[in-house]
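This is what each chain is made of:
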Amino acid sequence: FSCLGLLGVGYTSRILSDAQEDCTLKNLTTRVIGQSTVNPGQNNTLSVTLQANVEFFTSDNAVVTITGLLCGGSSCSECNGDLSLDYTLPTAGVDVYHTPTYRSDGSLELAVIQDIAYNETVVFSFCLVNPLLGQFSPSMTISGSGVDFLPAAVVPAPLSGSPLSVLGFDSAHIIQSNPAQETANSLTAR
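This text gives an overview of the structure that appears in the document. What you see is a predicted model; the values in this text were computed from it and never measured.

1. Describing the side chain of Gln51
Turning to its location among the elements, Gln51 is positioned in strand β4 (residues 43-52). At 3.1 Å, the side chain of Gln51 and the side chain of Thr121 are in polar contact. Residues within four places of Gln51 in sequence aside, it is in contact with Asn27, Leu28, Thr29, Thr30, Asn119, Glu120 and Thr121.

2. Description of the side chain of Thr37
Residue position: Thr37 is located in the loop between β3 (28-35) and β4. Residue Thr37 is classed as buried on the basis of its relative accessible area of 14%. Those residues within four positions of Thr37 in sequence are excluded, and the remaining contacts are Gln42, Asn43, Asn44, Asn130 and Ser165.

3. Some details on the pattern of salt bridges
Here the idea is simple: oppositely charged side chains can pair when their charged atoms come close. Scanning the model with the defined rule gives one salt bridge in all. With a closest N to O distance of 2.8 Å, Glu109 and Arg103 form a salt bridge.

4. Let's talk about the sheet that holds strand β5 (residues 63-67)
One open sheet holds the five strands; their spatial order is β11-β12-β5-β14-β15, and the pairing between them is antiparallel. Looking at which strands have only one partner, the edges of the open sheet turn out to be β11 (98-102) and β15 (149-153). Going across the sheet, the axis of each strand differs from the next one's by a mean of 15°, ignoring polarity. Looking at chain direction, β11 and strand β12 (residues 108-112) are connected through five bridges and run antiparallel.

About the criteria used
Residues numbered from 1 in each chain as written. Predicted model: local features only at pLDDT ≥ 70, side-chain atom pairs only at ≥ 80, totals over all residues. Heavy atoms only, no water. Helix = DSSP H or I, 4+ residues; strand = E, 2+ residues; numbered from the N terminus. Polar contact = N/O pair within 3.5 Å; in protein donor to acceptor, adjacent residues only side chain to side chain. Contact = heavy atoms within 4.5 Å. Buried < 20%, exposed > 50% of the residue type's maximum accessible area, 1.4 Å probe, protein only. Salt bridge = Lys/Arg side-chain N within 4 Å of Asp/Glu carboxyl O. Pairing = 2+ DSSP bridges. Axes fitted to C-alpha atoms, helices over the stretch in contact; angles between N-to-C directions.

Printed below as a string of structure tokens:
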């Protein structure tokens, strides 16, 4: 019996029985990203919380990919040229569960280097430099290979915590009251 053969990509059997009812759609049940600052050009610590309804084994060569980590339409700069992952759950330390690779298209690939248990919450952070110009938080998705699960939208933290959301103006206008030379003039910004 195989859930893959019966239902297709993205399904697994939790107890490896012959019953179709035991086939589960694999997904990241928790996938939240927040940030430390909305200020343009500043180092921004992005905090990621992930939890999956499947195990991740190093023997599966599993890779989790987060796409859409963009600054003004291209990849962001890594803070101080370093993309270390700082873990706080379930074990604290640097690069405990994944080896990160940040690509020029704004995707972050996380190769699993230590087994992660079923429903275990993994929390880590990394630092990217915010763009100099304001932007709304880009759309981000997360997907997996090795332990295949279907792509899903990343849930941004609320308001200013939305990842890579940077303060700025959509448009700015300055109006003057009098264009004549050497006369009083009031400037109004809108």
